[in-house]
Amino acid sequence: MKSEFKKIAIICASERELAPFLPLIENPTISERAMLRIHEGRLNGFEVAAVYCGVCKVNAAAAAQIMIDCYGADTVISAGASGGMAEDLQLFDTVVAAEACYHDVHERILTDYHPFMKTQFFPASSELVSAAKALKMPYHTGVVQCKDAFYGQHEPEAMPVGYELINKWEAWKKLGCLASEMETAALYIVAAKLRVRVGACFLVMANQEREKLGLENPVVHDTDMAVQVAVEAIRKLIKEER
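Residues numbered from 1 in each chain as written. Predicted model: local features only at pLDDT ≥ 70, side-chain atom pairs only at ≥ 80, totals over all residues. Heavy atoms only, no water.

Caption draft 1: Quick peek at the packing of helix α2 (residues 57–69) against helix α7 (residues 184–194). α7 packs onto α2 with a crossing angle of 35° between their chain directions and a minimal axis gap of 8 Å. Classified by chirality, the crossing of α7 by α2 is right-handed. Across the interface between the two elements, Lys 57, Ala 60, Ala 61, Ala 64, Gln 65 and Ile 68 of α2 pack against Ala 185, Ala 186, Leu 187, Val 190 and Leu 194 of α7. Within the contact of α2 with α7, the residues separate by chemical class into 9 nonpolar, 1 polar and 1 charged. (Axes fitted to C-alpha atoms, helices over the stretch in contact; angles between N-to-C directions. Helix = DSSP H or I, 4+ residues; strand = E, 2+ residues; numbered from the N terminus. Left-handed = near helix turned anticlockwise from the far one by under 90°. Contact = heavy atoms within 4.5 Å. Nonpolar A, V, L, I, M, F, W, Y, C, P; charged D, E, K, R; others polar.)

Structure follows, in structure tokens:
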């Protein structure tokens, strides 16, 4: 049985990441709320609302809450850039975040107490993987690491707690994290709490682990491939609902 399908929210961290979506929105209108510019319209005839929220988890969570509460979104899709952590991730690979969880909260805090989740993991929508397959793009699916301290990743030795940052980074690598970014965990938590669908995909814009090994590691900021995957996932969602 199909669930009632209202509106898809597209949330990106930066104006640059949102820009490729905007020409695809039919009959767009713009409104403002809480310092955010919301672009509403239709994609393939279905209602969408798109916004760039700003970098970091608090901004992402606030934007998601607004899109769900004020604009009626029941599906949230995020697309943007990430830094590769796994050595086999190369430039222009697409990473689909399969699930998210707190790294510093015991699972029983979320399962035995409010919000009484079945598991501590926040699952993602499967449509992004299907979209990447359909577009025949090189993609990887798994866990991404989400943090706020950008320079703690790239210059940890310059930080007062550099030893701790380096140890945590190595721990994430050993756990098999694919990439590092700065918003997804918050989006997944808000979506799980409010029971809406969520998914996130990223273009690998660089991979510092490859650079450490002396491997080729060009840096790009064009997230077009991640956008293509997100749009294809939206089209698949719309087709399924119809």
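Caption draft 2: Region of the structure containing the pattern of salt bridges. Overall, the coordinates contain 8 salt bridges when judged by the stated rule. Among the ionic pairs, Arg 108 bridges to Asp 112, the shortest N-O distance being 2.8 Å. When its relative accessible area of 48% is taken as the criterion, Arg 108 is described as partly exposed. When the shortest N-O distance is used, the salt bridge between Glu 209 and Lys 173 registers 2.8 Å. (Salt bridge = Lys/Arg side-chain N within 4 Å of Asp/Glu carboxyl O. Buried < 20%, exposed > 50% of the residue type's maximum accessible area, 1.4 Å probe, protein only.)

Caption draft 3: Geometry of helix α4 (residues 127–134). Inspection of α4 places Glu 127, Leu 128, Val 129, Ala 131 and Ala 132 among the buried residues, and these make up the whole buried set. Backbone geometry just after α4 places Lys 136 at a positive phi near 55°.

Caption draft 4: Up close: the nonpolar core. The biggest cluster of nonpolar side chains holds 36 residues, and the ones touching the most others in it are Ile 11, Met 67, Val 95 and Tyr 188. Secondary-structure elements contributing two or more residues to this core are β1 (8–12), β3 (36–43), β4 (46–52), α2, β6 (94–100), α7 and β10 (197–207). When residues of this core are assigned to their parent elements, the largest contribution, 6 residues, is made by α2. The residues contacting Tyr 188, other than those within four sequence positions of it, are Ala 97, Glu 99, Ala 100, Phe 122, Pro 123, Ala 124, Val 198, Gly 199 and Ala 200. The next biggest cluster of nonpolar side chains, apart from the first, holds 28 residues, and it includes Ile 25, Ile 77, Val 229 and Ala 230. (Core = buried A, V, L, I, M, F, W, Y, C linked by side-chain atoms within 4.5 Å.)

Caption draft 5: Summary view of unusual backbone geometry. Look at Met 35: it is not a glycine, yet its phi comes out positive at around 70°. One can find Met 35 in the loop between β2 (26–33) and β3. Look at Met 35 and you get exposed, because its relative accessible area is 86%. Positive phi is not limited to glycine here, since Lys 136 has a value of about 55°. Along the chain, Lys 136 falls in the loop between α4 and β8 (139–146). Residue Lys 136 is classed as exposed on the basis of its relative accessible area, which comes to 76%.

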